[in-house]
Amino acid sequence: MDKRSFIKNAAMLATAAMVAPSVLAEQKNNTANIVPLEGVSAADNTQFTLPPLPYATDALEPNIDKLTMEIHHGKHHQAYVNKLNEAVKGTKAEGLSLEKLLTDVDKYPVAVRNNGGGHYNHSLFWQLLTPTGEKQPSTETAKAITAAFGSFDEFKKQFAKAGADRFGSGWAWLIVNAKGKLEVISTPNQDNPLMKLKGITNGTPILALDVWEHAYYLKYQNKRADYIAAFWNVVNWAEVEKRYLAATKK
Ligand code: MN3
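Residues numbered from 1 in each chain as written. Predicted model: local features only at pLDDT ≥ 70, side-chain atom pairs only at ≥ 80, totals over all residues. Heavy atoms only, no water.

## Here's the deal with the overall build of the protein chain
Next, step 1: Counting its secondary structure elements, the protein chain contains ten helices and three strands.
Next, step 2: Its helices and strands in sequence order give the protein chain the pattern α-α-α-α-α-α-α-β-β-β-α-α-α, from N to C terminus.
Next, step 3: Element-wise, carbon and sulfur atoms account for 56% of the exposed surface of the protein chain, whose accessible area totals about 13,000 Å². (Helix = DSSP H or I, 4+ residues; strand = E, 2+ residues; numbered from the N terminus. Areas by Shrake-Rupley, 256 points an atom, 1.4 Å probe, with all protein chains shown as cover.)

## What about unusual backbone geometry?
Next, step 1: Geometrically, the link from Glu-61 to Pro-62 is a cis peptide bond, its omega value of 0 degrees lying close to zero.
Next, step 2: Tracing the sequence through the fold places Pro-62 in the loop between helix 2 (21–29) and helix 3 (66–88).
Next, step 3: Even without glycine at this site, Asn-189 takes up a positive phi of about 55 degrees.
Next, step 4: Here Asn-189 lies in the loop between strand 2 (182–188) and strand 3 (203–210).
Next, step 5: In this structure, Gln-221 takes a positive phi of about 45 degrees despite not being glycine.
Next, step 6: Within the fold, Gln-221 resides in the loop between helix 8 (217–220) and helix 9 (224–231).

## Side note on the nonpolar core
Next, step 1: Core analysis: the biggest nonpolar cluster contains 68 residues, and Phe-155, Phe-159 and Leu-207 have the highest contact counts within it.
Next, step 2: When near neighbours in sequence (up to four residues on either side) are disregarded, Phe-155 contacts Ile-145, Phe-149, Leu-174, Val-184, Leu-207, Trp-232 and Trp-237. (Core = buried A, V, L, I, M, F, W, Y, C linked by side-chain atoms within 4.5 Å. Buried < 20%, exposed > 50% of the residue type's maximum accessible area, 1.4 Å probe, protein only. Contact = heavy atoms within 4.5 Å.)

## Describing the packing of helix 6 (residues 139–149) against helix 10 (residues 237–248)
Relative placement of two packed helices is described by the angle separating their axes and the distance separating the axes.
Next, step 1: Where helix 6 meets helix 10, the closest approach of the two axes is 8 Å, and the angle between their N-to-C directions is 75 degrees. Compared by their axis directions, helix 6 and helix 10 come out roughly perpendicular. Contacts between helix 6 and helix 10 involve Thr-139, Glu-140, Thr-141, Ala-144 and Ile-145 from the first element and Trp-237, Val-240, Glu-241, Tyr-244 and Leu-245 from the second.
Next, step 2: Residues that form the contact of helix 6 with helix 10 fall into these classes: six nonpolar, two polar and two charged. (Axes fitted to C-alpha atoms, helices over the stretch in contact; angles between N-to-C directions. Parallel < 35°, antiparallel > 145°, perpendicular 65-115°, else oblique. Nonpolar A, V, L, I, M, F, W, Y, C, P; charged D, E, K, R; others polar.)

## A look at the pairing of strand 2
Next, step 1: Here strand 1 (residues 170–177) runs beside strand 2; their pairing, made up of seven bridges, is antiparallel. Residue pairing across strands places Leu-174 opposite Val-184, the latter belonging to strand 2.
Next, step 2: Between strand 1 and strand 2, which pair antiparallel in sequence order, lie four residues; one of them, Gly-180, sits at a positive phi of approximately 80 degrees. (Pairing = 2+ DSSP bridges.)

## Observations regarding the packing of helix 3 against helix 5 (residues 110–127)
Next, step 1: Look at helix 3 against helix 5: their axes get within 8 Å of each other, and the N-to-C directions meet at 140 degrees. Overall, the two elements helix 3 and helix 5 adopt an arrangement that is oblique. Helix 5 is crossed by helix 3, and the crossing has left-handed handedness. Taking contact as the criterion, the partners of Met-69, His-72, His-73, His-77, Ala-79, Tyr-80, Val-81, Lys-83, Leu-84, Ala-87 and Val-88 in helix 3 are, on helix 5, Ala-111, Val-112, Asn-114, Asn-115, Gly-116, Gly-118, His-119, His-122, Ser-123, Phe-125 and Trp-126. (Left-handed = near helix turned anticlockwise from the far one by under 90°.)

## Some points on the pairing of strand 1
Next, step 1: Across the eight residues of strand 1, eight count as buried, placing the element largely inside the fold.
Next, step 2: Burial along strand 1 is two-sided: the residues Gly-170, Ala-172, Leu-174 and Val-176 and Trp-171, Trp-173, Ile-175 and Asn-177 are all buried.
Next, step 3: Note: strand 1 against strand 3, seven bridges, orientation antiparallel. Each bridged residue has a counterpart across the sheet, and for Asn-177 the counterpart in strand 3 is Gly-203.

Below is the structure:
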């Protein structure tokens, strides 16, 4: 190490030592961990890819029908992936992780916001559904839901309302917010809680519900509330628990 590097490093160490441990602890507590999604990029990290569904397209019947799943995953989600790849190709956004792209989404063209959001939201959504799940949240999620909302029923009411009241297309979310607490929010279009944009409460999503008409129209037509009621039959609470623990891990 030359003399200049030595002085620079020594100065950095001195600065680090001056930051009180209590301040560092507080910063850590005020940030929910971003939990990365797996299988959304190619192995070489250059192309985003459509992750396979973790169950058959008819597995969620009668709650979510086969044809809806085929079109939703195979056509809509695939289109987000294709358009996202087109949008980042040859730009400074190429090669970045999906989470990184979405966190700093205002630096990139709006196609990244719409299609990157679409790719992230659907990749997460498929994992949060299952034909064989429990009907109740798992241990730690259940405790956190009771602490934040008073009861599981009250949480379901608030989450369902967030989905029902979302005008036009969008999503309902259960997030771990910046204070490490659970919160229900909703976003328009393909926006999500990772995006640092005006009007979006940031956090780590642990449960998501797509309320675009393409998610339910074939079976439920205009009856979005019936689709939301059926959604509770196929929630993957084990996956929610996994994401809750990862988001709040110290
Ligand atoms: Mn959708």
